[in-house]
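Read off the chains here:
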Amino acid sequence: MRNDDFARILDTSDEWISTRTGMKERRYAPADMASSDLATRAAQHALDRAGMSGTDIDCYIVATVSPDFHFPATACIVAANLGAVGKAAFDIEIACSGFIYALPIAASFVRSGVFRRVMIIGVETLSRMLNMEDRSTAILFGDGAGATIVERSEFDSFLACELGADGKNPELLYVPAGGSREPLTAESIAAKRDKVAMSGREIFKYAVTKMVETSHRVLAEANLTTADVTWMIPHQANLRIMEAAARRLDIGRERIVVNIEKYGNTSSASIPIALSESIERGMLHDGDLILFTGFGGGLSWGSIAWRWTA
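What you see is a predicted model, and the numbers here were worked out from it, not measured in a lab.

1. Focus on the overall build of the protein chain
Step number 1: The secondary structure content of the protein chain amounts to eleven helices and ten strands.
Step number 2: Over its C-alpha trace the protein chain gives a radius of gyration of 19 Å, about what one expects of a compact globule, namely 19 Å for 310 residues.
Step number 3: Based on the C-alpha atoms only, the size of the protein chain along its principal axes is roughly 55 × 45 × 35 Å.
Step number 4: For the protein chain, buried positions account for 53% of its 310 residues.
Step number 5: Sequence separation of at least 24 residues holds for 72% of the intrachain contacts in the protein chain that already meet a minimum separation of 6.
Step number 6: Carbon and sulfur atoms make up 51% of the accessible area of the protein chain, which amounts to about 13800 Å² in all.

2. Things to note about the nonpolar core
Step number 1: Ranked by size, the top nonpolar core spans 44 residues in total, and within it Leu-219, Met-232, Ile-251, Leu-291 and Phe-295 carry the most contacts.
Step number 2: Elements with a minimum of two residues in this core: helix 8 (200–221), helix 9 (239–249), strand 9 (289–296) and strand 10 (300–307).
Step number 3: Sequence-distant contacts of Leu-291, that is, excluding residues within four places in its chain, are made with Ser-215, Val-218, Val-229, Trp-231, Met-232, Ile-233, Leu-249, Ile-251, Ser-303 and Ile-304.
Step number 4: Ile-94, Ala-102, Ile-290 and Trp-306 belong to the second largest nonpolar core, which has 31 residues in total.

3. Comments concerning the pairing of strand 8 (residues 231–234)
Step number 1: Burial along strand 8 is two-sided: Trp-231 and Ile-233 facing one way and Met-232 and Pro-234 facing the other are all buried.
Step number 2: Sheet analysis places strand 8 next to strand 9, joined by four bridges and oriented parallel. Opposite Pro-234, over in strand 9, you have Thr-293 as the bridge partner.

4. Regarding empty space enclosed by the protein
Once rolled over the atoms, a probe with the size of a water molecule shows which space is left empty.
Step number 1: For the coordinates displayed, the defined rule picks out one cavity of 30 Å³ or more.
Step number 2: Reported here for the largest cavity is a volume of approximately 40 Å³.
Step number 3: Contributing to the lining of the largest cavity are Ile-203, Tyr-206, Ala-207, Lys-210, Phe-295, Gly-296, Leu-299, Ser-300 and Trp-301.
Step number 4: Contributing elements (two or more residues each) for the lining of the largest cavity: helix 8, strand 9 and strand 10.
Step number 5: Sorting elements by how many residues they give to the lining of the largest cavity places helix 8 first, with four residues.
Step number 6: In the lining of the largest cavity, the residues fall into six nonpolar, two polar and one charged.

5. Some remarks on the sheet that holds strand 1 (residues 59–63)
Step number 1: Pairing is mixed across the open sheet formed by four strands, whose spatial order is 2-1-3-4. Both outer strands of the open sheet, strand 2 (88–92) and strand 4 (143–151), are each paired with one neighbouring strand and no more. The average angle at which neighbouring strand axes cross in this sheet is 15 degrees, direction not considered.
Step number 2: Most of the contacts of helix 11 (residues 270–280) go to strand 4, to which it runs at about 70 degrees, and overall it touches strand 3 (117–125) and strand 4.

6. So, the pattern of salt bridges
Side chains that carry opposite charge are capable of pairing whenever their charged atoms lie near each other.
Step number 1: In total, this model carries 15 salt bridges according to the counting rule given.
Step number 2: Across the pair Asp-58 and Lys-87 runs a salt bridge, and its minimum N-O distance is 4.0 Å. Highlighted residues: Asp-58 in the loop between helix 3 (35–50) and strand 1 and Lys-87 in the loop between helix 4 (74–81) and strand 2, separated in sequence by 29 residues.
Step number 3: When the shortest N-O distance is used, the salt bridge between Glu-162 and Arg-217 registers 2.9 Å.

7. Some words on the pairing of strand 2
Step number 1: Here strand 1 runs beside strand 2; their pairing, made up of five bridges, is parallel. Within the sheet, the bridge partner assigned to Cys-59 lies in strand 2 and is Ala-88.
Step number 2: In the classification by handedness, the crossover that spans strand 1, the intervening helix 4 and the parallel strand 2 is right-handed.

8. Here's the deal with the sheet that holds strand 10
Step number 1: The four strands are arranged 5-10-9-8 in an open sheet whose pairing can be described as mixed. The open sheet has two free edges, formed respectively by strand 5 (158–165) and strand 8, since each of these has just one partner strand. Pairs of neighbouring strands in the sheet enclose a mean axial angle of 10 degrees, with direction left out of account.
Step number 2: As paired strands, strand 9 and strand 10 are joined by eight bridges and run antiparallel to one another. Bridging from a neighbouring strand, Leu-289 pairs with Arg-307 of strand 10.
Step number 3: Contacts from helix 5 (residues 98–112) reach strand 5, strand 9 and strand 10, with the element oriented near 130 degrees to strand 5.

9. Some thoughts on helix 3
Step number 1: Spanning 16 residues, helix 3 covers 23 Å between terminal C-alpha atoms, matching the ideal 22 Å at 1.5 Å per step.
Step number 2: Looking at helix 3, one finds that the buried residues are Ser-35, Ser-36, Leu-38, Ala-39, Thr-40, Ala-42, Ala-43, Ala-46 and Leu-47.
Step number 3: Along its buried surface, helix 3 packs onto helix 4, strand 3 and strand 4.
Step number 4: Residue Gly-51 follows helix 3 closely and has a positive phi angle near 70 degrees.

What counts and how
- Residues numbered from 1 in each chain as written.
- Predicted model: local features only at pLDDT ≥ 70, side-chain atom pairs only at ≥ 80, totals over all residues.
- Heavy atoms only, no water.
- Helix = DSSP H or I, 4+ residues; strand = E, 2+ residues; numbered from the N terminus.
- Rg over C-alpha atoms; globule rule 2.2 N^0.38 Å.
- Buried < 20%, exposed > 50% of the residue type's maximum accessible area, 1.4 Å probe, protein only.
- Contact = heavy atoms within 4.5 Å.
- Areas by Shrake-Rupley, 256 points an atom, 1.4 Å probe, with all protein chains shown as cover.
- Core = buried A, V, L, I, M, F, W, Y, C linked by side-chain atoms within 4.5 Å.
- Pairing = 2+ DSSP bridges.
- 1 Å grid on protein atoms, 1.4 Å probe; cavity = no way out; pocket = protein on both sides within 12 Å on 5 of 7 lines; lining within 4 Å.
- Points joined across faces, edges and corners; volume = space filled by probe spheres on them.
- Nonpolar A, V, L, I, M, F, W, Y, C, P; charged D, E, K, R; others polar.
- Axes fitted to C-alpha atoms, helices over the stretch in contact; angles between N-to-C directions.
- Salt bridge = Lys/Arg side-chain N within 4 Å of Asp/Glu carboxyl O.
- Right-handed = clockwise from strand over helix to strand, strands pointing away.
- Expected span 1.5 Å × (residues − 1).

Have a look at this one:
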């Protein structure tokens, strides 16, 4: 879905979208593809790269706000698709912070000895949740999935993390109807209250502030500074947000992994997609310090310092 495609249905242009978001195009899953289908593809890609099968994974964690169903958990379906019936599986719903929250959970399971290998999958089919008449949100989001396997090793790559949330004003980024607060009705569907709603200006300021604060804290906890960061892999929400945060952290543009121009904001899938592409391009080397950072609905946020091992 290219910017010019939106220009045909909304009062916008490629230049307007590119200037404000850094996005040029985004992907939409076909109508017959659910989040579990997309997640299964990403998971199989990770398994193939690692030389593993679905049964080699002890626990599946899916981060998503666009599950197949309210229940059961999408992770249960994905595990079954991969032949891993009987393995632990559950979802977390924290929107764009999904990967940031899931990685410490997986690392904790592995560190404690509960599981040897945990798969994290960030997946979204947000195209089903967009009001295509709302220029402020329709242009932003895309569909995608990315998967990561965390396993026990002699060297602990997980250096530090900080997570946080502030639920005082959920209406800053939410879907108004469809939950227990406001069950779906014919009227709410007609009013498109089952679609994403967002207050962009407030989100922008909040996002930059929290990404910078948490990044400084996790690096300090690991006795590191921003000068030690090899790659910053942020949630791909908006290019201006990423660049503003990087400037305040004194991290040069050449050290930020950015692919927002191709995919838009894929919420919980954005960081694992960016990580996967970084690996495929040969960008990551043994000993590199990666700073994962992001924010999302909740409002939620977090950062992780991770030492890459090849």
